[in-house]
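Below are the chains, spelled out letter by letter.
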Amino acid sequence: MKIKANNANNPIWKDVYAHSKLPEPLKPLYKIATNLWWVWNHEATELFREIDENLWNSTEGNPVLLLQSLPYKRMEELSADKKLLAQIKDVYAKFQAYINVKPDTSKPSVAYFSMEYGLTNILKIYSGGLGVLAGDYLKEASDSNIDLTAVGFLYRYGYFTQSLSMEGQQIANYEAQNFNSLPLTQVNNSNGEPLLLEVPYPGRIVYAHVRKVAVGRVPLYLMDTDIQENSEWDRSITHQLYGGDWENRMKQEYLLGIGGILLLNKLGIKKQVYHCNEGHAALINAQRLVDFIQNDGLNFNEALEVVRSSSLYTVHTPVPAGHDYFDEGLFGRYMGKFPGKLGISWQDFIDMGRENPGSNEKFSMSVFALNTCQEANGVSWLHGKVSQKMFAPVWKGYFPDELHVSWVTNGVHMPTWAATEWKQFYTNHFDKTFMQDQSNKKIWSAVQNVKDEEIWNIRVGLKNKLIDYIKKQFRESWLKNQGDPSQVVSIIEKINPNALLIGFGRRFATYKRAHLLFTDLERLTKIVNNEQYPIQFIFTGKAHPADGGGQGLIKHIVEISRRPEFLGKIIFLENYDMRLARRLVTGVDVWLNTPTRPLEASGTSGEKAEMNGVLNFSVLDGWWYEGYKEGAGWALTDKHTYENQQYQDQLDAATIYHILETEIIPTYYAKNSKGYSPEWIQYIKNSISEIAPDYTMKRMLDDYIDRFYNKLATRSAQLTENKFAKAKEIAAWKQEVAANWDNFEVESFTCDRDLTANPPIVGEEYTYNVVIDRKEMKGMLGVDMVVIKENPETHQLDFVESTPLKLMKEEGSKLYYEVKATSAEAGIHKLGFRVYPLNKDLPHRMDFAYVRWI
């Protein structure tokens, strides 16, 4: 046998993390660092910065990594610094006083599920607005002392880091996170070993480790499948946020829903309300149904009553691509065993995710959420109306305006997004109850009494901070992708702190119309090159790696920004994340938003700007449809002049130029001898006092409690008490009504006059009488008269009103109804009469949407 010249297998490496051990006096720093309380408390961040500013910057503001990287000599210096030790003691005392407050038991407890959470730029488990909203929600739940537990994923690579090629093409880089250097705590079992969650997937068990993020007083549990117990096929489930093919998405949503509930079960956590933040989490209700059936002996219909009564679904987008639909084959591969566990057929189960049961439609996670959650909401008033229309096919007997789908307009966590300077300003000038009463406009109105110079100085200071940040952070990347070093120097030199600075930062989806400003380049050239009134635009944002249109927009803007006439006047900043977002929303003068109405569900970046005296200039869509106040910002009309979107874009672009030229620029540059425009400052004061109080996360969370959580907690308790007696009663009633629904007869249906021969006169009363024979049905029925009319603009039939008929008497199985009607206005109307099941224990009519038109 020939002896090989070499023989070696692949190296097997084990991660060994060597980091500094903190001396006793510095140990409180680690406790602060591993709770994200520091994110929204500037005393803590300033403390870490003071420990080592260079390390703080190089770690991108990661206090855990900073402490792990401290040289021994520096630790000795810190331990001997009495002033710093006193500062540590003071911050730690504030932290402890905050953390030790017990949850407010007068408010419902909540389990919250989301695919992403934007808490800090160093924890890359978010992609954009949905995640940042969820992160803000947890922070405010902590501040408001809500007993809330959140569940999500610990992504190995998270969402991508964006860079640009020399040609301006987006490059997506997926960088692995080092979990040992992040503010995370490993969740262990009773033996002190890492807790191993077992999630039954088809034909195998998928395992997950769990780490906890302490968000103030709120725990966020993150599942991680990238562990050696899993195959390579399953380790990748938690690799990327919104990455991979449809099967990977199915695996992720299965883990979030099924695995998420199994995790809470394993931890012994039960809550009063279960909140699905988007349809990604809808499968939590599939597992909850199984639990009630297997553990409490309920049948499917009884379990569904219980699950629905404690569930809320929040939808975040009207864009179809934002809703997940799975082929029956793929869905069946993962969920095929659930009908057997539930005691129903496969057809009945998959129909719970179809607008049209019995069809061949794909399984919609959104429809499943609607069918298993008592309550549902959009994220602004306008989005609530859009969602009613979008979801109307689920409840075919009702018009969109009648649906229970409601809304809560998004807000932002003010302590996170307000610059330190503004938080200090609010502390100095507002009532001491401000943080506990953030929606009180009387408190915010104190800004009207502050000297203009003080506000102007804050704005100038924050603008200079932004410009310094851009010059320091982007010089290196610009040298890489601009090619010509002299061009980079020219860009940096042309960033003018005295110019009117307009920001645009968001996900680059085509409907957000980032291109709108560049519709008429000749006119834009004149605007940005007016030396008397300088103006500069900063753009930033990522496009989904699969969104070619969005990536094309980025490339288009970058190409324009490099043209000589726009160099340094149009700037694109790569890798939009929470750190850059905070700089932008505090540093620019105007925040621009130009979505195609009504596709902006809410939007929150403009709300963050509001907290910092930055004025909004936006289409009347999402939150701005409600928020806009004349004299406190600017708006493009909500009206659609053209059906052709290209023509509408051209009109909207012309309107943007016109408002810039005739309103925004003249107002900003109407400066007095002190160097500022009193009119501009008044806009800022109006914006802060009249708009900002309505868009805090405190107000948003209060709305969720008032509109949904209290209602769900109360009804859920009623249905579960006395061994689920009320749930069983309602389920039995529904079953009886359903069994006899097709058997009841309308015995007579009359009007006291012939409305065809003698049309009604406005103001004149007429009477309808209906007699129904229920036959064998025991359940009560209701009848209402529905009025609709044609919308002259859309030519669709719009709901006008419904009037219940009065039950005049009941004789055996016969019910006698009457309604007196009056024509309120002239014109052609349509009348309809419908019969529906009537039960005072139902939360709303869509809970049992049986309808027969007669």
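Before going into details, it helps to say that this report is about the structure given with it. (Residues numbered from 1 in each chain as written. Predicted model: local features only at pLDDT ≥ 70, side-chain atom pairs only at ≥ 80, totals over all residues. Heavy atoms only, no water.)

## Describing the sheet that holds strand S16 (residues 535-540)
Think of a sheet as strands paired side by side through backbone hydrogen bonds, with each pair either parallel or antiparallel.
Piece 1. Within the open sheet, the six strands sit side by side as S17-S16-S15-S18-S19-S20. Their pairing is parallel. Because the sheet does not close on itself, it has two edges, and the strands there are strand S17 (570-573) and strand S20 (634-636). The mean inter-strand angle of the sheet, taken between neighbouring strand axes irrespective of direction, is 20°.
Piece 2. Alignment of strand S18 (residues 590-593) against strand S19 (residues 615-619), held across four bridges, turns out to be parallel. When the sheet's bridge partners are listed, Leu592 is paired in S19 with Phe617.
Piece 3. Sitting on the sheet, helix H24 (residues 578-587) is in contact with strand S15 (500-505), S16, S17 and S18, with an inclination near 155° to S16.
Piece 4. Sheet strands touched by helix H27 (residues 645-668): S15, S16, S18, S19 and S20. Its angle to S20, the strand with the most contacts, is close to 170°. (Pairing = 2+ DSSP bridges. Helix = DSSP H or I, 4+ residues; strand = E, 2+ residues; numbered from the N terminus. Axes fitted to C-alpha atoms, helices over the stretch in contact; angles between N-to-C directions. Contact = heavy atoms within 4.5 Å.)

## Things to note about the pattern of salt bridges
Piece 1. Applying the stated criterion across every chain yields a total of 52 salt bridges.
Piece 2. Linking Asp224 and Arg211 is a salt bridge whose minimum nitrogen-to-oxygen distance equals 3.6 Å. Placement of Asp224 in strand S8 (residues 218-224) and of Arg211 in strand S7 (residues 204-215) is noted, with a sequence separation of 13 residues between them. You'll find Asp224 and Arg211 in the same group, each marked buried.
Piece 3. Put simply, Lys698 and Asp702 hold a salt bridge, and the shortest N to O gap is 2.9 Å. (Salt bridge = Lys/Arg side-chain N within 4 Å of Asp/Glu carboxyl O. Buried < 20%, exposed > 50% of the residue type's maximum accessible area, 1.4 Å probe, protein only.)

## Concerning the environment of Tyr155
Piece 1. For Tyr155, the position within the fold is in the loop between strand S2 (148-153) and strand S3 (161-164).
Piece 2. Taking the C-alpha atoms as reference points, Tyr155 and Asn449, separated by 294 residues in sequence, lie 48 Å from one another.

## Observations concerning the sheet that holds strand S26 (residues 814-822)
Piece 1. Sheet architecture is open: four strands sit in the order S21-S22-S26-S25, paired in antiparallel fashion. Here the strands that pair on one side only, and so sit at the sheet edges, are strand S21 (745-751) and strand S25 (806-811). Strand-to-strand twist in this sheet, taken as the mean axis angle between neighbours without regard to direction, amounts to 15°.
Piece 2. Sheet topology places S25 next to S26; five bridges connect them, and they run antiparallel. By the bridge assignment for S26, Lys809 is matched with Tyr816.

## Regarding the packing of helix H9 (residues 246-267) against helix H12 (residues 328-335)
For any two helices packed against each other, one specifies the inter-axial angle together with the distance between the axes.
Piece 1. The interhelical angle for the contact between H9 and H12, taken along N-to-C directions, is 40°, at an axis separation of 11 Å. Put simply, H9 runs oblique to H12. In this structure, H9 meets H12 at a crossing whose hand is right-handed. Contact residues: Trp246, Glu247, Met250, Lys251, Tyr254 and Ile258 in H9; Leu330, Phe331, Arg333, Tyr334 and Met335 in H12.
Piece 2. Residue classes in the contact of H9 with H12 are distributed as eight nonpolar, no polar and three charged. (Parallel < 35°, antiparallel > 145°, perpendicular 65-115°, else oblique. Left-handed = near helix turned anticlockwise from the far one by under 90°. Nonpolar A, V, L, I, M, F, W, Y, C, P; charged D, E, K, R; others polar.)

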